[in-house]
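Residue-level listing of the chains:
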Amino acid sequence: MVIVGLPYSFQGQMTIGEVAGSAPYGATTVAGGDGSRRPSENELTGARYQGELIAQTAKKLFG
Amino acid sequence: MNRIFGSRSAPWPDSTQTTQHTSNRGVFMPKVLVLYYSTYGHIETMAYAVAEGAKAAGAIVDVKRISETVPEEIARASHFKLDQAAPVATIDELAKRSLSAAERGLAVSLRRSPASSIRLVACGRREPCTARSAGPLPRAPPSTAARKRPCSRSSPTSCISGWSSWVSPTASRGR
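Residues numbered from 1 in each chain as written. Chains lettered and ligands numbered in written order. Predicted model: local features only at pLDDT ≥ 70, side-chain atom pairs only at ≥ 80, totals over all residues. Heavy atoms only, no water.

Thoughts on the overall build of chain A
At step 1: The helix and strand inventory of chain A stands at 1 helix and 0 strands.
At step 2: In chain A, which comprises 63 residues, the proportion classed as buried is 48%.
At step 3: Counted over contacts in chain A with a minimum sequence separation of 6, partners at least 24 positions apart contribute 36%.
At step 4: For chain A, the accessible surface area stands at approximately 3000 Å², while carbon and sulfur atoms represent 58% of it. (Helix = DSSP H or I, 4+ residues; strand = E, 2+ residues; numbered from the N terminus. Buried < 20%, exposed > 50% of the residue type's maximum accessible area, 1.4 Å probe, protein only. Contact = heavy atoms within 4.5 Å. Areas by Shrake-Rupley, 256 points an atom, 1.4 Å probe, with all protein chains shown as cover.)

Given below as structure tokens:
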């Protein structure tokens, strides 16, 4: 079993200047108690990063 | 790849209909399924971002969602986002697909809350596989057939799939 998470090479998850989702287990977003906050650009970048990573990993293993 | 991202009418065609794993130039293209559930649309947005990334890395991408199990009346009263363009994945299809992926694939999931999750399955399979289902799916149990089917992988080390832990909202916020 291979789990592809969101490594610290995605620097955006170390952000402290704003509310930021993301965790080593994978991209996340913070919705806020009433759901009014939408995924930030930083969080979406994390999601793209992880999507890219799984495709690249699959390529390396099976390509 | 433009057939996936270039068309507004059908942005996410069903790649289970596609057997092609290589581009015209013979480059290997993994198949990635981004499977998600989203109540209010946050995770839906995240799922499409994941799909963009996978596509950028040269994958054939599908985005699908888990069916809503909350009664419609309650879902409407609670302002769920019910107009989500991604097709609903069926249990049979998931069983088949996750078995396919298990042969030569990977899985990833992202969970923001118990009710919202994304599951990714990347697949580069070339032969049929009857390995067992990759694990529990959010809000939808795997079919009995999939659970009972014996695992007959051609190579014991080639079944790759999985699912990450739930990330606590507190951990995300406590910065």
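Some details on the pairing of strand β2 (residues 60-65) of chain B
All names here are of chain B.
At step 1: Among the 6 residues that make up β2, 6 are buried, leaving the element largely enclosed by the rest of the structure.
At step 2: Where burial is concerned, the two faces of β2 agree: the one with Ile-60, Asp-62 and Lys-64 and the one with Val-61, Val-63 and Arg-65 are both buried.
At step 3: Alignment of strand β1 (residues 31-37) against β2, held across 6 bridges, turns out to be parallel. Across the sheet, Val-32 pairs through a bridge with Val-61, a residue of β2.
At step 4: The β-α-β motif built from β1, the intervening helix α2 (residues 42-56) and the parallel element β2 has right-handed crossover chirality. (Pairing = 2+ DSSP bridges. Right-handed = clockwise from strand over helix to strand, strands pointing away.)

Description of the environment of Gly-41 of chain B
At step 1: Mapping Gly-41 of chain B onto the fold places it in the loop between β1 and α2.
At step 2: Residues Gly-41 of chain B and Lys-81 of chain B lie 40 residues apart in sequence; the distance between their C-alpha atoms is 5.9 Å.
At step 3: If we skip the residues at most four places from it in the chain, Gly-41 of chain B touches Arg-38 of chain A together with Lys-81 of chain B.

What to know about the packing of aromatic side chains
At step 1: All chains considered together, the criterion is met by 2 aromatic pairs over all chains.
At step 2: Between Phe-10 of chain A and Tyr-49 of chain A, the aromatic rings sit 5.6 Å apart at their centres with planes inclined by 50°, giving tilted as the arrangement. Taken together, the residues Phe-10 of chain A in the segment before α1 (41-62) and Tyr-49 of chain A in helix α1 connect sequence positions 39 residues apart.
At step 3: Residue class for Phe-10 of chain A comes out buried when judged on its relative accessible area of 6%.
At step 4: Taken together, a centroid distance of 5.5 Å and an interplanar angle of 75° make the contact between Tyr-40 of chain B and Phe-80 of chain B edge-to-face. Note that Tyr-40 of chain B is positioned in the loop between β1 and α2 and Phe-80 of chain B in the loop between α3 (72-77) and α4 (91-103), a separation of 40 residues in sequence.
At step 5: Exposure remark for Tyr-40 of chain B: the relative accessible area of 41% places this residue in the partly exposed category.
At step 6: Since its relative accessible area comes to 17%, Phe-80 of chain B is described here as buried. (Phe/Tyr/Trp six-rings, centres within 6.5 Å; stacked < 30°, edge-to-face > 60°.)

Considering the pattern of salt bridges
Residue and element names in this part refer to chain B.
At step 1: Scanning all chains against the criterion turns up 7 salt bridges over all chains.
At step 2: For the salt bridge of Glu-44 with Lys-81, the shortest nitrogen-to-oxygen distance reads 2.8 Å. With Glu-44 in helix α2 and Lys-81 in the loop between α3 and α4, this pair connects stretches of sequence that are 37 residues apart.
At step 3: Overall, the relative accessible area of 10% leaves Glu-44 in the buried class. (Salt bridge = Lys/Arg side-chain N within 4 Å of Asp/Glu carboxyl O.)

Concerning the side chain of Asn-42 of chain A
At step 1: Within the element layout of this structure, Asn-42 of chain A appears in helix α1.
At step 2: Among the polar contacts made by the side chain of Asn-42 of chain A, one reaches the side chain of Thr-15 of chain A at a distance of 3.5 Å. (Polar contact = N/O pair within 3.5 Å; in protein donor to acceptor, adjacent residues only side chain to side chain.)

Some thoughts on the packing of α1 of chain A against α2 of chain B
At step 1: Two elements in contact, α1 of chain A and α2 of chain B, have axes whose closest approach is 6 Å; the angle formed by their N-to-C orientations is 45°. Accordingly, the angle class assigned to the pair α1 of chain A and α2 of chain B is oblique. α1 of chain A and α2 of chain B meet at a crossing whose hand is right-handed. In this structure, α1 of chain A contributes Glu-43, Leu-44, Ala-47, Arg-48, Gly-51, Glu-52 and Ala-55 of chain A to the contact, and α2 of chain B contributes Thr-45, Met-46, Ala-49, Val-50, Glu-52, Gly-53 and Ala-54 of chain B.
At step 2: Grouping the constituent residues of the contact of α1 of chain A with α2 of chain B by class yields 7 nonpolar, 3 polar and 4 charged. (Axes fitted to C-alpha atoms, helices over the stretch in contact; angles between N-to-C directions. Parallel < 35°, antiparallel > 145°, perpendicular 65-115°, else oblique. Left-handed = near helix turned anticlockwise from the far one by under 90°. Nonpolar A, V, L, I, M, F, W, Y, C, P; charged D, E, K, R; others polar.)

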